[in-house]
Amino acid sequence: MKFRSVKKVHEGQFIHRYDISYETEDGREKIYEMISRNPSIETLEEIQDKKPDSVVLIMHDETGERILLNREFRLALGDWVYNFPAGLIDPGEKPEESAIRELKEETGLDLIRIKDKMALSYSAVGFSNESNICLVGTAAGVFHKSSSSVEEIEAGWYTKEEVRRLLESELFAARTQAFCYLWSR
C-alpha cells in the first residue's frame with residue numbers, strides 16, 4: 001500500500017474521524033476510515049506519531065498474588081466490562097505521572113512501584129491510531145469510588161483462580177482478557 005492523503009471527515013470532542021487514501025498494489029484507490037485522538041492530522045508521519053495517548057496499568061498487590069481489575073460500564077457497549085485501569089495522558093504529563101493520577105482517580109489506590117514499562121502498543125489497530133504505554137507494577141491502599149462522575153468503575157483485586165472463573169463468563173477488553181488468560185494459567 002502506498003499512502004496518498006488524509007482528510008478529516010468529522011471533528012468530535014474527544015475523537016476525530018479521518019479518511020485515509022492509499023494506492024493498492026494493483027493501482028486502485030483504497031479509502032480507509034480511521035478515528036484518532038489527534039485533532040489535526042495532515043501527513044502520514046502524524047498518523048504514525050509515536051507519542052502515547054494513554055497509559056494502561058497492569059498492577060499487582062504487594063504479595064504479587066492478585067491482579068487489579070476494573071469492572072467498568074463502557075458507554076460504547078452499554079454494558080459492564082473487565083479492564084485494566086487506564087487513561088489519557090494529559091498535555092505535558094509523563095506516562096508515569098499519568099499512571100499515578102489515573103490509578104488514584106479510578107481506584108483510590110497508590111502506585112507503589114513500576115517494575116516494567118512496555119514499548120508503544122495500539123488500542124484498536126483495526127480503526128484507530130490511538131497508542132498506549134503499558135506499565136506493570138505494584139499498587140496498594142484502600143479502594144475508593146472513581147473521582148469522575150462520568151465513569152462507573154468497581155475496582156478489585158483478583159486471584160488467578162478468580163480470574164479464570166471471570167474469563168469463562170464475563171466480558172473483557174481484549175488486551176485485558178489476553179493478559180489475564182496467560183497470567184492465570
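As a reminder, the structure under discussion sits directly above these lines.
Here goes a summary of the coordinates provided. (Residues numbered from 1 in each chain as written. Predicted model: local features only at pLDDT ≥ 70, side-chain atom pairs only at ≥ 80, totals over all residues. Heavy atoms only, no water.)

Now for the layout of surface pockets. If you add up the space inside the largest pocket, you get close to 1,600 Å³. Taken together, 45 residues form the lining of the largest pocket, with Arg37, Arg74, Asn83, Glu130 and Arg175 sitting closest to its centre. Mapped onto the lining of the largest pocket, the elements with two or more residues apiece are β4 (54-60), β5 (67-74), β6 (79-83), β7 (86-88), α2 (95-107), β9 (121-122), β10 (131-140) and α4 (174-184). Looking at the lining of the largest pocket element by element, the count peaks at 4 residues for α2. Computed from the structure, the second largest pocket encloses a volume of approximately 440 Å³. (1 Å grid on protein atoms, 1.4 Å probe; cavity = no way out; pocket = protein on both sides within 12 Å on 5 of 7 lines; lining within 4 Å. Points joined across faces, edges and corners; volume = space filled by probe spheres on them. Helix = DSSP H or I, 4+ residues; strand = E, 2+ residues; numbered from the N terminus.)

For serine 40, the location among the structural elements is in the loop between β3 (29-36) and α1 (44-47). Residue classification places serine 40 among the partly exposed residues on the basis of a relative accessible area of 45%. The sequence separation of serine 40 and leucine 120 amounts to 80 residues, and the corresponding C-alpha distance is 21 Å. Contact partners of serine 40, with chain neighbours within four places excluded, come to Tyr18 and Glu46. (Buried < 20%, exposed > 50% of the residue type's maximum accessible area, 1.4 Å probe, protein only. Contact = heavy atoms within 4.5 Å.)

Across the sheet, 3 strands lie side by side as β1-β2-β3; this open sheet has antiparallel pairing. At either end of the open sheet lies a strand with only one pairing partner, and these are β1 (2-11) and β3. Neighbour-to-neighbour, the strand axes of the sheet open up by a mean angle of 25 degrees, direction not taken into account. Both β1 and strand β2 (residues 16-23) contribute to a ladder of 8 bridges, which runs antiparallel. If you follow histidine 10 over to β2, its bridge partner there is arginine 17. (Pairing = 2+ DSSP bridges. Axes fitted to C-alpha atoms, helices over the stretch in contact; angles between N-to-C directions.)

Checked against the element boundaries, glutamate 130 lands in the loop between β9 and β10. Relative accessible area serves as the criterion here: at 13%, glutamate 130 is assigned to the buried category. Apart from the residues within four sequence positions on either side, glutamate 130 is in contact with Arg37, Asp53, Leu88, Ser121, Tyr122 and Ser123.

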